[in-house]
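Residue-level structure breakdown
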Amino acid sequence: MLEGFGTLRTIEVERARVERRRVAVAEIREQLAGLYRGFVAWTSMYGENYEPDERERRERVVVLLDEVSNQYLPRSVWLSEGSRKKIESFFRRAEELCSEFSAEIDERGYPRVRRSMEKRVSKKLRRLKTEAESCLEVELAGPRRAGWRERLRKI
């Protein structure tokens, strides 16, 4: 009788672990998407009076980067090493671009650097985001159960 209880407990623990992992991956995906959207908004010019908006959008990206750095580490324990590397590469590049853009805007002004910002976000950050998202898709899928051919080989 107690033997079955241990099995049930193991199943419950495994379900909880899988759910925590799924939630962590979903939260990281949301952070990736939010940060990328922040960069896209920063590089976009709306209307004629864009200087005040630029500062607000820049600050939004800085806040998002700060949130990522504070919230990512505890969630990263649920990821594989390969996924962590891809995601951290995206975050690192985002931080670098934020610093580069801020310095260029301060030096030359937003109207003069906006177009190059847009191209660099599209060229450099989009690829890293796509790679990180692909890794997270694999993480959500979980470990693949061995197919019938693989199980037969073990016999």
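Residues numbered from 1 in each chain as written. Predicted model: local features only at pLDDT ≥ 70, side-chain atom pairs only at ≥ 80, totals over all residues. Heavy atoms only, no water.

We now examine the nonpolar core. One finds Leu35, Phe39, Trp42, Ile87, Phe90, Phe91 and Leu125 to be the most contacted residues of the largest nonpolar core, which totals 29 residues. Beyond its immediate sequence surroundings of up to four residues, phenylalanine 39 is in contact with Val61, Ala94, Leu97, Cys98, Phe101, Val121 and Leu125. (Core = buried A, V, L, I, M, F, W, Y, C linked by side-chain atoms within 4.5 Å. Buried < 20%, exposed > 50% of the residue type's maximum accessible area, 1.4 Å probe, protein only. Contact = heavy atoms within 4.5 Å.)

If you walk through the whole model with that rule in mind, you get 5 aromatic pairs. Ring plane angle 70° and centroid distance 6.3 Å describe the contact between phenylalanine 39 and phenylalanine 101, whose orientation is recorded as edge-to-face. One end of the pair, phenylalanine 39, is in helix α1 (residues 2-43); the other, phenylalanine 101, is in helix α3 (residues 81-108), with 62 residues separating them in the sequence. Site record: aromatic cluster; members linked through ring pairs are Phe39, Trp42 and Phe101. Of note, lysine 129 hangs over the ring of tyrosine 36, and the distance from its end group to the ring centre comes to 4.9 Å. (Phe/Tyr/Trp six-rings, centres within 6.5 Å; stacked < 30°, edge-to-face > 60°. Helix = DSSP H or I, 4+ residues; strand = E, 2+ residues; numbered from the N terminus. Lys NZ or Arg CZ within 6 Å of the ring centre and 35° of its normal.)

Looking at where serine 122 falls in the secondary structure, it is placed in helix α4 (residues 110-141). A residue is classified by how much of its surface remains accessible, and serine 122, at 28% relative accessible area, is partly exposed. Taking C-alpha positions, serine 122 is 9.8 Å from tyrosine 36, a pair spaced 86 residues apart along the chain.

This part covers the pattern of salt bridges. Side chains that differ in sign of charge can pair as their charged atoms come close. Across all of its chains, the model carries 16 salt bridges by this definition. A salt bridge links lysine 85 to glutamate 81; its shortest N-O distance comes to 3.2 Å. Note that lysine 85 and glutamate 81 are positioned in helix α3 at a spacing of 4 residues, about one turn of the helix. You can call lysine 85 exposed: its relative accessible area is 52%. One salt bridge connects glutamate 118 with arginine 115, and the closest N-O pair in it is separated by 2.8 Å. On the criterion of helical spacing, the pair formed by glutamate 118 and arginine 115 is a turn pair, its members being 3 residues apart in helix α4. With relative accessibility at 29%, the residue glutamate 118 sits in the partly exposed group. A single network of salt bridges, built from pairs that share partners, joins Arg93, Glu96, Glu100, Glu104 and Arg120. (Salt bridge = Lys/Arg side-chain N within 4 Å of Asp/Glu carboxyl O.)

So, on to α3. Taking 1.5 Å of rise per residue, the 28 residues of α3 would be expected to cover 40 Å, and the 40 Å separating its terminal C-alpha atoms lies within 8% of that figure. Glycine 109, located one to two residues past α3, shows a positive phi value of around 95°. (Expected span 1.5 Å × (residues − 1).)

What follows deals with the packing of α3 against α4. One way to put it is that α3 packs onto α4 with a least axis distance of 9 Å and a crossing angle of 170°. Considering the angle they form, α3 stands roughly antiparallel to α4. Counted by class, the contact of α3 with α4 contains 15 nonpolar, 4 polar and 11 charged residues. (Axes fitted to C-alpha atoms, helices over the stretch in contact; angles between N-to-C directions. Parallel < 35°, antiparallel > 145°, perpendicular 65-115°, else oblique. Nonpolar A, V, L, I, M, F, W, Y, C, P; charged D, E, K, R; others polar.)

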